[in-house]
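Architecture at a glance
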Amino acid sequence: HSFAHDIHAETLENKWNLEYFYAKSLSIAGYQMNHLQGWLYKEKNKQAHVAVEKRKKTRRWFKVEQTDDENKDLMLCYYRNQRSKEPKGWVFFSDIRDFAIAHDKREIVINVPAREYRLSTDDFAAFQEWSSCIKSIMKKYHVQEVRILQLSITAIFSST
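A brief report on the enclosed structure follows. (Residues numbered from 1 in each chain as written. Predicted model: local features only at pLDDT ≥ 70, side-chain atom pairs only at ≥ 80, totals over all residues. Heavy atoms only, no water.)

Time to look at the packing of aromatic side chains. Summed over all chains, the structure comprises 5 aromatic pairs. Here tryptophan 39 and tryptophan 61 contribute two aromatic rings whose centre-to-centre distance is 5.2 Å and whose plane-to-plane angle is 75°, an arrangement assigned as edge-to-face. A residue pair is termed long-range when its members are at least 10 positions apart, and tryptophan 39 in strand β2 (residues 31-43) and tryptophan 61 in strand β3 (residues 57-66) qualify at 22 residues. You can call tryptophan 39 buried: its relative accessible area is 12%. (Phe/Tyr/Trp six-rings, centres within 6.5 Å; stacked < 30°, edge-to-face > 60°. Helix = DSSP H or I, 4+ residues; strand = E, 2+ residues; numbered from the N terminus. Buried < 20%, exposed > 50% of the residue type's maximum accessible area, 1.4 Å probe, protein only.)

Next comes the structure, spelled out in structure tokens:
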């Protein structure tokens, strides 16, 4: 990761107003994939009692990173902004129990034993890249995607 790369990526982002871009290459079980990073909205934790449409979201800079130890585990890290050196938090892909992708909301739901992460973006291309990346990684960890069942309360009552 070089200073020149950072300047180039920042120039691209400013010039084209890109919200995501590919950086260095990672190898996952012999499979080459690019390292994805970009802006996503993360729903604040501990809001289960709040109506979905009123839950607060925070814009964070996310990166798929690889640990430096012998395991070379992949993790999804999030930072306050692009220049932050230390992540505010992270999720090891090996800890994910299941995940779901809600295309209509442009939302990715990731479940780990301690909590649920709800990540979203307004940009459809960025959503496609993130959902594709996460699906690819999850296949390597043998984690199944679950379907989100969404029922409209008004539809239920109007049909009775």
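A rise of 1.5 Å per residue sets the reference length of helix α2 (residues 124-140), with its 17 residues, at 24 Å; its end C-alpha atoms lie 25 Å apart and thus fit the reference within 8%. Buried within α2 we find Ala126, Phe127, Trp130, Ser131, Cys133, Ile134, Ser136, Ile137 and Met138. Near the N-terminus of α2, the side chain that reaches the backbone nitrogen of alanine 125, with its oxygen 3.1 Å away, is that of aspartate 123. Note on α2: the residue one or two positions beyond its end, histidine 142, has a positive phi of about 60°. (Expected span 1.5 Å × (residues − 1). Polar contact = N/O pair within 3.5 Å; in protein donor to acceptor, adjacent residues only side chain to side chain.)

The subject of this paragraph is the pattern of salt bridges. With the rule as written, the count across this model stands at 4 salt bridges. The shortest N-O distance in the salt bridge between glutamate 107 and arginine 118 comes to 2.7 Å. Taken together, the positions of glutamate 107 in strand β7 (residues 107-112) and arginine 118 in strand β8 (residues 115-120) put the pair 11 residues apart, joining distant regions of the chain. Overall, the relative accessible area of 5% leaves glutamate 107 in the buried class. In this structure, arginine 118 engages glutamate 116 in a salt bridge whose closest nitrogen and oxygen atoms are separated by 3.0 Å. It is possible to trace a salt-bridge network through shared partners that takes in Glu107, Glu116 and Arg118. (Salt bridge = Lys/Arg side-chain N within 4 Å of Asp/Glu carboxyl O.)

So, about a positive patch on the surface. Where like charges cluster on the molecular surface, the positive patch consists of Lys44, Lys56, Arg80 and Lys88. Residue placement: lysine 44 occurs in the loop between β2 and β3. The class for lysine 44 is partly exposed, based on a relative accessible area of 40%. (Patch = residues over 30% accessible without salt bridge, like charges linked within 9 Å, V, L, I, M, F, W, Y side chains within 5 Å. Areas by Shrake-Rupley, 256 points an atom, 1.4 Å probe, with all protein chains shown as cover. Lys, Arg positive; Asp, Glu negative; His and termini not counted. Charge placed at Lys NZ, Arg CZ, Asp CG, Glu CD.)

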